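If you want the building blocks of each chain, they are given just below.
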Amino acid sequence: MTLAEYEAYPEDARKIEFFDSETGLAWMLRDGPTIPHERPVRMLVALVRQIAMTRGSPIRCIGEASVKLLDSEFGQVRAMHPDEMIYLHPERADPVNPSFVAVGQDTYPDVVLEVDHTSDTRRDKLKLYEEWGFPELWVEVPETYSASRPRGLKPELRIYLLEEDRYVLSEESRAFPGWLAAEIHEGLNEPVTSEATAAVLVRVGRALGAREGTGPEDDPLLGPFGREKHAEGLAEGLAEGRAEGRAGLVRRILERRGIRLSAEFPPPGQRALLADASDEALVTAASTATSEAAFFRRLRR
């Protein structure tokens, strides 16, 4: 593939994973984007959003923007197309060119994700990410089988941290303190976020918030919920108002997740349950329940 062909390559064609204009080499997905390849990426975005809500400040996922090393003197380009890039602070995710992150010029993402069914990332791209100095790389081999996966490549997530210009394997993320590789892998492969994973997300979000002095009360969605916490312990006459405020928060979370609610949500008999539940129990139940009835069942546990 020539540089001109690479630059004119249609977005709806098979995804390019790597391109080197000097050799004319292009690596491409064999069958184009597939559910086994794309699903962990979509799940990661959802998990990171929940962490951001608990931290109380946004985290930006910029998707499949490419990473390019440009040699203007010789007109050469080397480019990779990660599956996801995460910036813990959105204001840092503003490359000079909006279509790619320039190596050696733009601020690097805190985490790069590569979904790998073939071992190409570990064999080839890992060296390039290391050479370019990306601080943290996650390589996910999904649980869902892919025909392109060689024998011996087991499902798992590996975290590579840059230490003195070399990658070292780690069981824990540095960007997301306390988030273990095994926990990330579990979360990326669940059909619906489990209570266990939701608890992990709350834990990681609170760790990030403690580092920056923020919390759920600072999140635009959870803010009203956080402020309601300060009303606890007031006269019993405020209990109904507190339940209504919490109901509004829960309603927004469930509706954003596409869960249909009854017109009278919450039913009169369930308002006390909303008022008495802990903060974390409410957020966890709303983030994991698959229906209105399931939400209330989770609160009763």
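Every chain is numbered on its own, with residues counted from 1 as its sequence reads. Confidence filtering applies because this is a predicted model: local features only for residues at pLDDT of at least 70, side-chain atom pairs given and counted only at 80 or more, and all residues used for totals across whole chains, interfaces and linings. Here the side-chain values reflect all heavy atoms present in the structure, with hydrogen atoms and water set aside.

Trainee: How would you sum up the packing of helix α9 (residues 279–288) against helix α10 (residues 292–300)? Please name residues and give values.
Mentor: In this analysis an axis means a line fitted to C-alpha atoms, helices contributing only their contacting stretch, and an angle means the value between N-to-C directions, from 0 to 180 degrees. To qualify as a helix, a DSSP run of H or I must reach at least 4 residues; to qualify as a strand, a run of E must reach at least 2; elements of each kind are numbered from the N terminus. Where α9 meets α10, the closest approach of the two axes is 9 Å, and the angle between their N-to-C directions is 145°. When the axes of α9 and α10 are compared, the crossing they make is right-handed. Residues A281, L282, A285, A286 and T288 of α9 pack against F295, R298 and L299 of α10. When residue character is reported, Ala, Val, Leu, Ile, Met, Phe, Trp, Tyr, Cys and Pro are called nonpolar, Asp, Glu, Lys and Arg charged, and the others, Gly included, polar. Of the residues assigned to the contact of α9 with α10, the class counts are six nonpolar, one polar and one charged. Here is the rule for handedness: rotate from the far helix to the near one, and if that takes an anticlockwise turn smaller than a right angle the crossing is left-handed, while a clockwise turn gives right-handed. In what follows, residue pairs with any heavy atoms lying within 4.5 Å of each other are defined as contacts.

Trainee: An account of empty space enclosed by the protein is requested, with residue identities and associated values reported.
Mentor: Cavity: a set of points on a 1 Å grid over the protein atoms alone where a 1.4 Å probe fits but cannot get out. Pocket: an open set with protein on both sides within 12 Å along at least five of seven lines, its lining residues, like those of a cavity, having an atom within 4 Å of a point. Grid points are joined across faces, edges and corners, and a volume is the space filled by probe spheres set on the points. On inspection of all chains with the given rule, the structure shows two cavities of 30 Å³ or more. Its volume calculated, the largest cavity comes out at about 40 Å³. Around the largest cavity, the lining residues are Q50, T54, A198, L201, V202, V283, T284 and S287. Contributing elements (two or more residues each) for the lining of the largest cavity: α2 (35–55), α5 (195–212) and α9. Tallied by class, the residues present in the lining of the largest cavity amount to four nonpolar, four polar and no charged. Reported here for the second largest cavity is a volume of approximately 30 Å³. Of all the secondary-structure elements, those providing two or more residues to the lining of the second largest cavity are α2 and α9. The element that contributes the greatest number of residues to the lining of the second largest cavity is α2, accounting for three residues. Looking at side-chain class alone, the lining of the second largest cavity contains three nonpolar, three polar and no charged residues.

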